[in-house]
Amino acid sequence: MTTLGPPPLTGTRVLDLSSGIAGPYCTKLLADAGAEVIKVESPSGDHLRRWSATGADLGDEDGAFFRFLNTSKRSVVLSLASAAGREALLDLAVSADLVVEDLRPGKLDAMGLGHAALSERNPALSLASITPFGGGGPWSQRAANEFTLQAWAGSTHTRGLPNEEPVSVSGWLGEFVAGAFGAPAALAAIETARRSGRGKHVDVSIFETMLLSFQQYRFIFERFEPGFPSNREIDIPSIEPAKDGMVGFAVVTGQQWQDFCLLIDQPEFAQVEESQSVQNRFAKREEVWEMIRSYTRERSMAELLERAEMLRVPAAPVVEGARVPALDHFKARGVYVENPAGFQQPRVPYRLERCMSRPFEPAPALGADSAAILAERHEREPAIVAGGDAEVAPLRGLRVLDLSAFWAGPVVGNSLSALGADVIKIESTRRPDMMRFSSGFVRDTLWEWSPIYHGANPNKRCITLDLTTDAGRDILGRLAKDADIVIENFSARVLDNLGIGWEWLHAINPKAILMRLPAFGLDGPWRDRTGFAMTIEQVSGLAWRTGHPDGPPLIPRGPCDPIAGAHGLFTIQLALRDRERTGEGQLIEVPLVEVGLNAAAEQVIEFTAYGGRIGRQGNRGRNAAPQGIYRALGDDAWVAISVETDAQWEGLVRALGDPAWARAAELASAPGRLAAHDLLDEKLSRAIAELERDVAVERLLAADVPAAPIISPNSTGENPQARERGFFQEIEHPLTGKTPYPSFPARFDGSFIHWQKPAPTLGQHNDEVLSELLGLTEQELAELRASGVIGERPAFV
């Protein structure tokens, strides 16, 4: 039996100055992996300590959601407004590897606590800043929150019915995405410092992480085909009624649509040309819905799910968030565990075969560790493991075999390439990455024009191998002998069926790390089910709380893929750290669904802690009032507004011209505004209806009120903040020409990582890779092409 090693980040120290969700989730990931995280709070504490999504009476206790995000941390109280408090923080920084903060850009520098000042005390210290728009650029000081950032990213525009009020994703999914990308970015800086002795400033913009995750690279769609439609719609099929509840379906490929039509006993409908795209189905939604629902309403959830599994149609039960832990798969896998405070929460969403999991420790009371921590002697012990250059990417010299497809897995490979690894994407002519066919365009070489494929795959080399053949598997084995990392996201059975599973890889190369990213995990009743991001959103509860109170649940439409990719990157970094200790690789399991369950955890936490149920609230939220989307002058013109603080309320009143109704005493406090939300909606609707959309937004932003226009995601490629910061990188592609590729969503010392090459064409690097790495001759390559083992064009077109 393998002796498990310590959590990989044991010995790493982090100072967490952040509050709320994005920063604390970033540091939660670090703490769960063994880091010592010291939460540095003001005397009033993190505002989330007093939060309950259902308004539970907390008494003198900290809220359960706060406890979830801050397990296994320590707390020290410092007033950074005082010279003594700032000096105490600088003393703590001497022994730290990382500081995480979420203050308005420039505020830390103004207090003498920016990266330059911290580096004077500790040159190896890195600083990670997670802010709405990032540091620098024309919008860095602009008021924003999760609700308005979704609008700026173009996500809100796409959800709902045409010409009706658009719907934002409820909950905090964007903040979880930002925290999930922040953790591996911060860890990359820590690893660079371990090799060079010099830390870095990591700058994460929540907006830019949303551009990567809350829309499907619509800025590339716009470049490839200007004016390509990006309509407000609901996927068909999606969440459909059953006799005893609801079932979610996710149909992405043409084959899955054919199989779904077979599932509902309408196989001939799959051949109707108008039915073969989501847009055409939505245009005839009433008749298509009736056809689908006349079948699903007459059958139980279990019947529909059994039939979907048999036909390989991605599907999942859709239940209230409070009921998710009772689903058989999650019970069998032990996904939900007890927090030390007594409520249920999802476990850490990954498994490292050779490392111990850190037991959850209680979240700290405010200042519980102040005396002990401030009494410590803070000295820096050299942590450099090898002499190195701080400008060299931390993963340079590593080789990755990327067998993954669609979105989540390719994001992992793309992110590894950003950090310096040589990533070789492996497809086949018989079964290429089917995301290549997702565009809806009409092109002779359709498979080279998918914006989603482009967005998730720059900076890689691509070869094709038919892994159903002995020759294909032999070549894969020869490549695997010198690989550091292998990535795949097939359903659990595929690798073993091909004979290329973990045991095979470990026997070939004991140092290799295998990261598996199946939808539902490697065991349990659902292990063989297929699933996409939409499936995860349906089953996790994320869809349950998105939508209008009197309407159906709506899916966020994709963020669960990139956030899973960020977790996959992070776990690979942990496995690489452990490999330094052991010299061996290990198997990593990152189930897509368990990442989604962590992002949706608040529903289970709130119910098991307080008995409160979180349902759909449309565009409202308990954290802000007023909050909503209001129609402005013009065709389908809308404005998103979210007021979280008393200061923002005062700004809103000024922007509206100080109307008499706004002077009511009860509106001066957040509880009073929440209670009067109907009135506020009525008054705001009248006021905004008299203004042009952009005029209303600018007026509100000038008053420091979070506001945004509801815009098409296609227009985001021209966003002045993203362009000024250099987020989009124009790279020449051999077929698509200059293409705007999004960056890895973190700047290091003021710059994004530069992509060296565009997304590859199918099999573009066959000759280069197979001759360079394996020494294959021209004749051998020709024979492999002739037999179909390799190629540069899909075999079925």
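Residues numbered from 1 in each chain as written. Predicted model: local features only at pLDDT ≥ 70, side-chain atom pairs only at ≥ 80, totals over all residues. Heavy atoms only, no water.

## Looking at the environment of Gly 321
Link 1 in the chain: Examined against the element boundaries, Gly 321 turns out to sit in the loop between strand S9 (315-318) and helix H14 (328-333).
Link 2 in the chain: Using a relative accessible area of 2% as the deciding quantity, one classes Gly 321 as buried.
Link 3 in the chain: Sequence separation of Gly 321 and Leu 542 is 221 residues, and the distance between their C-alpha atoms is 8.0 Å.
Link 4 in the chain: When neighbours within four sequence positions are excluded, Gly 321 is seen to be in contact with Trp 544, Gln 603 and Val 604. (Helix = DSSP H or I, 4+ residues; strand = E, 2+ residues; numbered from the N terminus. Buried < 20%, exposed > 50% of the residue type's maximum accessible area, 1.4 Å probe, protein only. Contact = heavy atoms within 4.5 Å.)

## A few points about the pattern of salt bridges
Side chains that carry opposite charge are capable of pairing whenever their charged atoms lie near each other.
Link 1 in the chain: Counted by the stated rule, this structure contains 62 salt bridges.
Link 2 in the chain: Between Arg 74 and Glu 376 there is a salt bridge, with the nearest N and O atoms lying 3.7 Å from each other. Of this pair, Arg 74 sits in strand S3 (residues 73-77) while Glu 376 sits in the loop between helix H15 (370-375) and strand S13 (399-402), and the two are 302 residues apart along the sequence.
Link 3 in the chain: The class for Arg 74 is partly exposed, based on a relative accessible area of 22%.
Link 4 in the chain: You can call Glu 376 partly exposed: its relative accessible area is 29%.
Link 5 in the chain: Measuring nitrogen to oxygen at the nearest pair gives 3.1 Å for the salt bridge that ties Lys 425 to Asp 433. The two residues Lys 425 and Asp 433 agree in class, both being buried. (Salt bridge = Lys/Arg side-chain N within 4 Å of Asp/Glu carboxyl O.)

## Side note on the sheet that holds strand S8 (residues 245-249)
Link 1 in the chain: Spatial strand order, S7-S8-S9: three strands in an open sheet with antiparallel pairing. Two strands bound the open sheet, and with one partner strand each, they are strand S7 (239-242) and S9. The average angle at which neighbouring strand axes cross in this sheet is 35°, direction not considered.
Link 2 in the chain: With four bridges connecting them, S8 and S9 associate as antiparallel partners. Its bridge partner lying in S9, Val 247 is registered against Pro 317. (Pairing = 2+ DSSP bridges. Axes fitted to C-alpha atoms, helices over the stretch in contact; angles between N-to-C directions.)

## Observations regarding the nonpolar core
Link 1 in the chain: Grouped together as the largest cluster of nonpolar side chains are 206 residues, with contacts concentrated most on Phe 65, Phe 176, Phe 330, Leu 416, Phe 570 and Phe 744.
Link 2 in the chain: For this core, the element with the most residues is helix H7 (residues 173-196), which contributes 13 residues.
Link 3 in the chain: Ignoring sequence-local partners within four residues, the contact set of Phe 570 consists of Leu 9, Leu 29, Leu 30, Ala 33, Ala 183, Pro 184, Leu 187 and Tyr 350. (Core = buried A, V, L, I, M, F, W, Y, C linked by side-chain atoms within 4.5 Å.)

## Topic: the packing of helix H10 (residues 254-263) against helix H13 (residues 301-311)
To describe two helices that pack against each other, one gives the angle between their axes and the distance between the axes.
Link 1 in the chain: One can describe the packing of H10 onto H13 by two numbers: an axis separation of 10 Å at closest approach and a directional angle of 140°. Viewed along their axes, H10 and H13 adopt a mutual orientation that is oblique. When you trace H10 past H13, the crossing you get is right-handed. Contacts between H10 and H13 involve Asp 259, Leu 262 and Leu 263 on the former and, on the latter, Leu 304, Arg 307, Ala 308 and Leu 311.
Link 2 in the chain: Tallied by class, residues from the contact of H10 with H13 come to five nonpolar, no polar and two charged. (Parallel < 35°, antiparallel > 145°, perpendicular 65-115°, else oblique. Left-handed = near helix turned anticlockwise from the far one by under 90°. Nonpolar A, V, L, I, M, F, W, Y, C, P; charged D, E, K, R; others polar.)

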